[in-house]
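# Fold and contact review
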Amino acid sequence: MAAEFIPEAEPLHPRDNYLNVRYGVGSWLLTRDHKRIALLYLASITFFFFLGGLFALLIRLELLTPGGDLVQSETYNKLFTMHGVVMIFFFLIPSIPAVLGNFLIPMMIGAKDLAFPRLNLLSWYIYIVGAAFTMWAVVHGGVDTGWTFYTPLSTAAANGHVVATAVGIFITGFSSILTGLNFIVTIHTMRAPGLTWFRLPLFVWSHYATSLIMVLGTPVIAVTLLMVGVERIFHLGLFDPALGGDPVLFQHLFWFYSHPAVYIMILPAMGVISEVVTTFSRKNIFGYRFVAFASVAIAVLGFLVWGHHMFVSGQSVYAGMIFSLLSFLVAIPSAIKVFNWTATMYRGSISWRTPMLYAFGFIGLFTIGGLTGLFLATLGVDVHVHDTYFIVAHFHYIMVGGAIMGYLGGMHYWWPKISGKMYPEGWARFAALIVFIGFNLTFFPQFVLGYLGMPRRYHAYPPEFQVLNVMSTAGASVLGVGYVIPMIYFAWSMRYGKNAPANPWRSTGLEWQTTSPPPTENFPVPPVVTSEPYVYATESEVVG
Amino acid sequence: MRPDLPLFPSQASAMAPHVDALYFYLLAVSAFFSLLIAILVIFFAIKFRRRSEDEVPVGNEGSLKLELAWTVIPLLITMTFFVWGAKLYFRMNRPPNDATQIFIVGKQWMWKLQHQDGQREINELHVPVGTPVRLTMTSEDVIHSFFIPAFRMKMDVIPGRYTQQWFRATTPGDFHIFCSQYCGTKHSAMIGTVHVMEPTAFQAWLSGGSGSESLASAGSKLFQQHACNTCHRNDSQARGPNLEGLFGKPVQLQNGQTVTADEQYIRESILMPSAKMVAGYQPIMPTFQGLISEEGILQLVAYIRSLSPSPGSAAAPSPGGMAPPVKNSSPEREAPK
Ligand code: HEM
Ligand SMILES: [Cu+2]
Ligand SMILES: [Cu+2]
């Protein structure tokens, strides 16, 4: 993606970039600049990440001993519910799209902003209002249904603030929908001259696929939660058999959104990895079209496999078989991506900078997460491991080992662009190592626990499971440290970090062809794209 | 304290070794691919590490052959998982005809279990080695899930319907029963023990029970208490269909459909009689929703089932537990309102 190179590390004039162009709270809260809105999201999701982490810490402390001795059962149940709700709906779903996607999509396609800047700001406000409802519920005693809100527990039995929490998630859903819509329209209409679909960076492709899911899937969860609220308040028999409803119907509706939602969480991270692997291998991606179409295939097939969460819910054996078959199909595009990233490294010029370390971690851990997904798609095995710690380990390998590693890798990669400062490389590598070790120590023992039969969401457990739980808790403490360190040095670098050049990694990405941090309009001169993405070698070398 | 570190669950049912074999196959394939990727990534990262800031490697050209290979090979491998897994699942969901019946009612936060012969247990289940056992389960409140890890067996227990699963225990001993579907405050206390016993010990345990009556005969009492017999009788005054020989037979419905009279159908006929009307009858049967407990309904079902002795079925009337057939029930009971 060749474009005019801006001379590097020119001393910046005051007030020439999006950060210092205007000061004051109002200039942030009323901004329409996608980059500033991205930072608003960054601050909010960071808050929720640490809040969710605090709940996780308490969960792990409780599980240090077999007896339920640290907190009451009711409190424990609220902790894991709020951990799940906060991490999924208020951190992971918005994380990469709303922060990095928001910041980078316009820059990657050579645009000034998203198609609807006001709508973008509105999305953030909607998110905050939704979060406020859920936080109200948390502060006023919490909710204990599990993030899955299964009926009739959530409609007839649970005693927490189910409705407030559900309203919060319902509202936040609109923020997702609007962001998705904004991305889709932007990608369709605002690409720079010469930037054809197959010249788009893979980060943009993966966000395009993610946006499709956001727009098509989120309304379903919204309606489902509305139904839960209606049944709880007006006793309309939708799900509760005592009122003439069907309890399993809820699960169909819930997973119809929530399975695709897991791809909302991982597809953007896959996009980050495609960018990082190419930049730090200095190579064009192996199999560009396969990687791009894999994202779309995942988004489409992802809508057809929800029943794999319900293999033991009494659904028909034949339905189970179809869902199992389709679940195997959805794993194939993920495998294609992993193979292509690995092949991209072959004969590259591999730099061991922090973003690439996170990419290595991502590839390894996502592979394990994806492969264990195959265990779960295998009917005869899922019957045993369903609702045990095996599931917990599976999705944490993907969501924490995959998505959060991708997010952190991306944050390090684009930090110079976002902040105009370099992060301290030594500390960053050290933190990446700590995260990797802590992560595996936390979640690997959970596979073993799960196959042994320890059910998930257990406040107390039989004593023979203790050793593995202690390992997991120890790992969680290490992991926690690994997450706090980057927080500190990112903040530190804002003030003390070295000034970042426009393109510290010598990447070909369009976003690197402008100053760091960029001016409000991103590119002083609108760029024109004349070649494929990721062209590092000269023309003759590519051919030869 | 000696740290106890089990790494693999005990195998105590006929199904367990099959599930484990498939699990090991999955493990082997996964280990192969994880190691392959890990080794390649590490090897490339070292071998091709950047040696000078200015080096620019040759670009990729891609390879359709490779792309096809790593699409088709994983696809074929996953199809082996699919077929093997589906086969086991099919077997798990097809109880043999001669299985002994046990009825389970889950409620927040306990398991109530009843044997065919009437023994009742709470959070405990005694079963003999070698005999297939079929569990018919329902819940009084929210969804639970009945899970015995040592049997590699699990099925949700759902209010308003029956679910089933079966097992054949192979190893005597005590094993965990867990509720695995989150069901509220004391979910983690909804646990129990299954005692797998040698057949002789099991017989001794059965006869040691305190003179409990069989499920079917308890059901027959309920049948009279609730005056079902005023309508369901086989004389000229019958206003409802004769229930003798009903179980397991096809029933012609008013809307032209045919359904098989299984547990689920009988339960529904008692709680929601108008949902599936039998052809040729008036909608006069009152609903018993809220009047009979889930356990009572299970007893009624067992009773109605016992009216149709089917060959080889464990539901065939057991000696002593034999319930009186409908025609013997007192004809002079008044009809319900
Ligand atoms: C690679 C293909 C994947 C396959 C074949 C797969 C398969 C499955 C299956 C069958 C289950 C249900 C297991 C059960 O409850 O018994 C499951 C659960 C789950 N998976 Fe995956 N998965 C895959 C990828 C992912 C990804 C990419 C994510 C997230 C980013 C993810 C997140 C989850 C979550 C959150 C659950 C558990 C939900 C809950 O019950 O709370 N999975 N997966
Ligand atoms: Cu899923
Ligand atoms: Cu439970």
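Residues numbered from 1 in each chain as written. Chains lettered and ligands numbered in written order. Predicted model: local features only at pLDDT ≥ 70, side-chain atom pairs only at ≥ 80, totals over all residues. Heavy atoms only, no water.

## Concerning the overall build of chain A
This is how it is decided: Strands here mean DSSP runs of E at least two residues long; helices mean DSSP runs of H or I at least four residues long; both are numbered from the N terminus. As a reference, a globule follows 2.2 Å times the number of residues to the power 0.38, and the radius of gyration itself is taken over C-alpha atoms. Relative accessibility thresholds used throughout: buried, under 20% of the residue-type maximum; exposed, over 50%; partly exposed, between the two (1.4 Å probe, protein chains only). The contact definition used throughout considers only heavy atoms, calling two residues in contact when any of these lie within 4.5 Å. With residues, only the protein chains shown are counted as cover, and all accessible areas are computed by Shrake-Rupley using a 1.4 Å probe. None of His or the chain ends enter the tally, which takes Lys and Arg as positive and Asp and Glu as negative. We put the charge of a Lys on NZ, of an Arg on CZ, of an Asp on CG and of a Glu on CD.
Along its length, chain A carries 16 helices and zero strands. The C-alpha radius of gyration of chain A comes to 23 Å, within 12% of the 24 Å expected for a compact globule of 544 residues. Taken along its principal axes, the extent of the C-alpha atoms in chain A is 70 × 50 × 45 Å. Counting across all 544 residues of chain A, residues that qualify as buried make up 66%. Counting only contacts in chain A whose residues sit at least 6 apart along the sequence, the fraction spanning at least 24 positions is 82%. Surface summary for chain A: the accessible area is close to 17,500 Å², and the carbon and sulfur share equals 72%. Each charge class in chain A was averaged separately, 26 positive and 23 negative side chains, and the resulting centres sit 9 Å apart.

## Re the sheet that holds strand β2 (residues 110-115) of chain B
Residues and elements named next belong to chain B. Stated precisely, the cut-off is as follows: A strand pair is defined by DSSP finding two or more bridges across the two strands. Angles here are taken between N-to-C directions and fall from 0 to 180 degrees, while the axes themselves are lines fitted to C-alpha atoms, restricted in helices to the stretch in contact.
As summarised here, the arrangement of the five strands in space is β3-β2-β1-β5-β8, forming an open sheet in which the pairing is mixed. Here the strands that pair on one side only, and so sit at the sheet edges, are β3 (120-122) and β8 (163-168). Geometrically, the sheet is characterised by an average inter-axis angle of 25° between neighbouring strands, direction not taken into account. Here strand β1 (residues 100-107) runs beside strand β5 (residues 132-139); their pairing, made up of seven bridges, is parallel. Bridged to G106 within β5 is S139. The strands that helix α6 (residues 294-306) touches are β1, β2, β3 and β5; relative to β1, the one it contacts most, it runs at about 160°.

## Details of the side chain of S507 of chain A
Residues and elements named next belong to chain A. To keep it simple, the criterion reads: Think of a polar contact as two N or O atoms within 3.5 Å of one another; within protein, one of them needs to be a possible hydrogen donor and the other a possible acceptor, and neighboring residues in sequence only count if both atoms come from side chains.
Inspection of the secondary structure puts S507 in the loop between α15 (466-496) and α16 (539-543). Taking the relative accessible area as the measure of exposure, S507 reaches 3% and is therefore buried. A polar side-chain atom of S507 sits 3.3 Å from a polar atom in the side chain of T279. Ignoring any residue separated from it by four or fewer positions in sequence, one finds S507 in contact with T279, Y413, W512, Q513 and Y536.

## A short note on the domain arrangement of chain B
Residues and elements named next belong to chain B. As a reminder, the rule being used: Here the limits of each domain have been adopted from an automatic or database domain assignment. The quantity reported as buried area is the accessible area (1.4 Å probe) lost by two parts once they are put together, taken as the sum for both. Salt bridge, as used here, is a side-chain nitrogen of Lys or Arg placed within 4 Å of a carboxyl oxygen of Asp or Glu.
When the domains of chain B are assigned, the result is domain 1 (9-35 + 73-211) and domain 2 (215-306). For domain 1 and domain 2, the distance between their C-alpha centroids amounts to 29 Å. If you look at the interface, domain 1 gives 20 residues, while domain 2 gives twelve residues. When the two sides are added together, the surface that domain 1 and domain 2 hide from each other amounts to roughly 1,400 Å², 51% of it contributed by carbon and sulfur. Of all residues in domain 1, F103, Q114 and Y162 give up the largest surface area on contact with domain 2, accounting jointly for 43% of the area buried on that side. Taken together, the links from domain 1 to domain 2 amount to three salt bridges.

## Things to note about the state of the cysteines
Here is the rule: Note on terminology: disulfide denotes any pair of cysteine sulfur atoms within 2.5 Å.
Taken as a whole and assessed by the stated rule, the structure comprises zero disulfides over all chains. Not part of a disulfide, C231 of chain B finds its nearest cysteine sulfur in C228 of chain B, a span of 8.7 Å.

## As for the coordination of the copper ion (ligand 3)
Residues and elements named next belong to chain B. Which entries qualify depends on this criterion: Think of the donor list as every N, O and S atom within 2.8 Å of the metal, or within 3.2 Å for Na, K and Ca; water never makes the list, so a site can look incomplete. The geometry test gives tetrahedral to four donors whose angles all lie between 85 and 135 degrees, gives square planar to four donors and octahedral to six donors whose opposite members are over 155 degrees apart with all other angles between 65 and 115, and gives irregular to the rest.
Within the protein, C179 (SG), Q181 (O), C183 (SG) and H187 (ND1) serve as the donor atoms for the copper ion (ligand 3), at 2.1 to 2.7 Å. Metal-centred angles of 87 to 128° between the four donor atoms at the copper ion (ligand 3) mark the site as tetrahedral. One chain supplies every donor to the copper ion (ligand 3), and in sequence these donors are spaced C-x1-Q-x1-C-x3-H. Side by side, C179 and C183 carry an identical accessibility label, which is buried.

## A look at the confidence of the model for chain A
As a reminder of what qualifies: By definition, pLDDT measures how confident the predictor is in each residue, and it falls between 0 and 100.
Residue-level pLDDT values for chain A average 93, and 96% of them are 70 or greater. The low-confidence segment residues 1-12 of chain A, where pLDDT is below 50, has 30 contacts with residues more than four positions distant or belonging to other chains.

## Observations regarding the nonpolar core
Worth spelling out the cut-off: Residues enter a nonpolar core if they are buried and are Ala, Val, Leu, Ile, Met, Phe, Trp, Tyr or Cys, with the set joined through side-chain atoms within 4.5 Å.
Among the nonpolar cores identified, the biggest contains 234 residues, and L100, F362 and W414 of chain A together with F146 and F151 of chain B are the most heavily contacted of them. Filtering out sequence-adjacent residues up to four positions away, F362 of chain A remains in contact with I266, A269, M270, I273, W341, T367, G401, G402, A403, M405 and G406 of chain A. Membership of the second largest hydrophobic core comes to 28 residues, among which are C228, F247, A261 and I297 of chain B.

## Quick look at the packing of aromatic side chains
Note the cut-off: In summary, the pairing rule links any two rings of Phe, Tyr or Trp, Trp by its six-membered ring, whose centres are within 6.5 Å, and it sorts them by plane angle into stacked for under 30 degrees, edge-to-face for over 60 and tilted for everything else.
Applying the stated criterion across every chain yields a total of 77 aromatic pairs over all chains. Centroid distance F198 of chain A to W205 of chain A: 5.9 Å. Interplanar angle 25°. Geometry classified as stacked. For W205 of chain A, a relative accessible area of 6% corresponds to the buried category. Ring centres of Y346 of chain A and F48 of chain B lie 5.6 Å apart, and the angle between their planes is 85°; on these two criteria the pair is classed as edge-to-face. Here Y346 of chain A, found in the loop between α10 (317-345) and α11 (354-377), pairs with F48 of chain B, found in the loop between α1 (16-47) and α2 (64-92), and the two come from separate chains. The class of Y346 of chain A is partly exposed, set by a relative accessible area of 40%.

## Regarding the coordination of the copper ion (ligand 2)
All names here are of chain A. Listed as protein donors to the copper ion (ligand 2) are H259 (ND1), H308 (NE2) and H309 (NE2); their distances from the metal cover 1.9 to 2.0 Å. Between the copper ion (ligand 2) and the iron atom of ligand 1 the interatomic distance amounts to 4.7 Å. Placement of the pair is H259 in helix α8 (residues 247-281) and H309 in the loop between α9 (288-301) and α10, with a sequence separation of 50 residues.

## Remarks on helix α3 (residues 73-108) of chain A
Residues and elements named next belong to chain A. Inclusion rule: Each residue after the first adds 1.5 Å to the expected span of a helix. Consider a residue and the seven residues that end there alongside the seven that start there; fitting an axis to each set, the bend is the angle between those axes.
If you check α3, its first and last C-alpha atoms are 49 Å apart, about what 36 residues at 1.5 Å a residue would give, namely 52 Å. The largest bend along α3 reaches roughly 55° and is located at P94. Two residues or fewer after α3 comes G110, characterised by a positive phi angle close to 75°.

## Let's talk about the site of ligand 1
Residue and element names in this part refer to chain A. Let me state the cut-off plainly: Note on definitions. A residue lies near a molecule or strand when any single heavy atom of the residue is within 4 Å of it. Each residue is assigned to one class: nonpolar for Ala, Val, Leu, Ile, Met, Phe, Trp, Tyr, Cys and Pro, charged for Asp, Glu, Lys and Arg, and polar for all the others, Gly among them.
Taken together, 21 residues surround ligand 1, and among them V262, D382, H386, H394 and R456 come closest. At the level of secondary structure, the elements contributing two or more residues to the shell around ligand 1 comprise α8, α10, α11 and α13 (389-419). The element best represented in the shell around ligand 1 is α13, accounting for five residues. A per-class count over the shell around ligand 1 returns twelve nonpolar, seven polar and two charged.

## Quick word on the side chain of S295 of chain A
All names here are of chain A. Tracing the backbone shows S295 in helix α9. Classification of S295 as buried rests on a relative accessible area of 1%. Beyond its immediate stretch of four places on either side in the chain, S295 contacts W205, S206, A209, L267 and K337.

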